[in-house]
Amino acid sequence: MTAVRQDAWSAEDDLILAEITLRHIREGSTQLAAFEEVGEKIGRTSAACGFRWNSCVRKSYEDAIGIAKGQRQKRSYLKKQPVSRGAQVAGLILGDIEEDYGRSEGLSENSLSIDAVIRFLRQWKGTFQEAGRQLKMLERDLREKEDELTELRAENERLSKEVNLAQSDYRVVNDDYKALIQIMDRARRLAFLNEEEEEKTRFKMDANGNLERIE
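Residues numbered from 1 in each chain as written. Predicted model: local features only at pLDDT ≥ 70, side-chain atom pairs only at ≥ 80, totals over all residues. Heavy atoms only, no water.

**A short note on the overall build of the chain**
For the chain, the count of helices and strands is six helices and two strands. With 215 residues in all, the chain has 19% of them scored as buried. Taking all contacts inside the chain whose residues are at least 6 apart in sequence as the whole, residues at least 24 apart take part in 51%. Working note: accessible area of the chain is about 16,500 Å², and carbon and sulfur atoms make up 54% of it. (Helix = DSSP H or I, 4+ residues; strand = E, 2+ residues; numbered from the N terminus. Buried < 20%, exposed > 50% of the residue type's maximum accessible area, 1.4 Å probe, protein only. Contact = heavy atoms within 4.5 Å. Areas by Shrake-Rupley, 256 points an atom, 1.4 Å probe, with all protein chains shown as cover.)

Here is the structure:
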């Protein structure tokens, strides 16, 4: 009789490893995260789970891995589509149920279990709820940006008016300054001419005591 090691992997452990890893692949997560989840569930390290998956279990689920990757691409595509395309999404959901829980578990279309359908729909419900929350956040951010843009436009208009007013005041002050400079120049020239006239004009007193201008 062959002795079984205490740390040997059971068929149930392999099934848990496969189910969780495929789910992570399907949801766009990483295999490392899947191995950590499996390790916590069955009491093993993530490294041991990764080694078991790559060395043994993965070979038996090549087709299921391909289907899971296809489902991941569909989910990624649907998340980018408007929520209003509900009819198209519903059609894809039915196809996904068949592929995800029928072929990957070796079931025919007629033997598809209600539990599989419920699990799948719950996953889709969570996906759409998350998409709805993200959409609300985006709408809120958009409203905030629009309000901010309106405030910036009003501020820009106010500053433009202030700049135009300042330019008008500058032109008035500049014109007054030029006029003042011209007045000062005229006054300086007049004062200079008066000084020259005073220097040139001389007087002398005649015999009768009258002043006579000397040319």
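**Digging into the confidence of the model for the chain**
Parts of the model with low pLDDT should not have their predicted coordinates read in detail. In the predicted model, the chain carries a mean pLDDT of 77, and 70% of its residues have values of at least 70. Ignoring residues within four places in sequence, the model shows residues 101–112, a span with pLDDT below 50, making 19 contacts including any to other chains. (pLDDT = per-residue confidence, 0-100.)

**Some words on the pattern of salt bridges**
Tallied over the full model, the rule gives nine salt bridges. Between Asp13 and Arg44 there is a salt bridge; the shortest N-O distance is 3.9 Å. Within this pair, whereas Asp13 is found in helix α1 (residues 11–26), its partner Arg44 is found in the loop between α2 (31–42) and α3 (46–57), the two being separated by 31 residues in sequence. With a relative accessible area of 21%, Arg44 lands in the partly exposed category. Across the pair Asp141 and Arg140 runs a salt bridge whose closest N-O atoms are separated by 4.0 Å. Given a relative accessible area of 41%, Arg140 falls into the partly exposed group. The network of salt bridges with shared partners includes Glu155, Arg158 and Glu162. (Salt bridge = Lys/Arg side-chain N within 4 Å of Asp/Glu carboxyl O.)

**So, α1**
Along its 16 residues, α1 runs 22 Å from first to last C-alpha, staying within 8% of the 22 Å computed at 1.5 Å per residue. Among the residues of α1, Asp13, Asp14, Ile16, Leu17, Ala18, Ile20, Thr21, Leu22, His24, Ile25 and Arg26 are the ones counted as buried. Gly28 lies just past α1 and shows a positive phi near 85°. (Expected span 1.5 Å × (residues − 1).)

**What to know about α3**
Cys49, Gly50, Arg52, Trp53 and Val57 are the residues of α3 that are buried. Seen end-on, α3 carries its buried residues on one side only, within an arc spanning 160°. Structural note: α3 exposes Ala47 and Phe51 on the side pointing more than 90 degrees away from its buried face. (Arc of directions from axis to C-beta.)

**Observations concerning the packing of α2 against α3**
Between α2 and α3, the shortest axis-to-axis distance is 8 Å and the interhelical angle comes to 115°. Judged by the inter-axis angle, α2 sits roughly perpendicular to α3. The two elements α2 and α3 meet at a crossing, and its hand is right-handed. Seen from α2, the contacting residues are Gln31, Phe35, Glu36, Val38, Gly39 and Ile42; seen from α3, they are Ser46, Cys49, Gly50, Trp53 and Asn54. Grouping the constituent residues of the contact of α2 with α3 by class yields five nonpolar, five polar and one charged. (Axes fitted to C-alpha atoms, helices over the stretch in contact; angles between N-to-C directions. Parallel < 35°, antiparallel > 145°, perpendicular 65-115°, else oblique. Left-handed = near helix turned anticlockwise from the far one by under 90°. Nonpolar A, V, L, I, M, F, W, Y, C, P; charged D, E, K, R; others polar.)

**Let's talk about the packing of α1 against α3**
Pairs of packed helices are described in terms of their axes, by the angle between the two and the distance that separates them. Orientation of α1 relative to α3, taken along the N-to-C sense of each, is 95°, at an axis distance of 11 Å. Regarding the angle of α1 to α3, the classification is roughly perpendicular. In this structure, α1 uses Asp14, Leu17, Ala18 and Thr21 to contact α3, whose residues at the interface are Cys49, Arg52, Trp53 and Val57.

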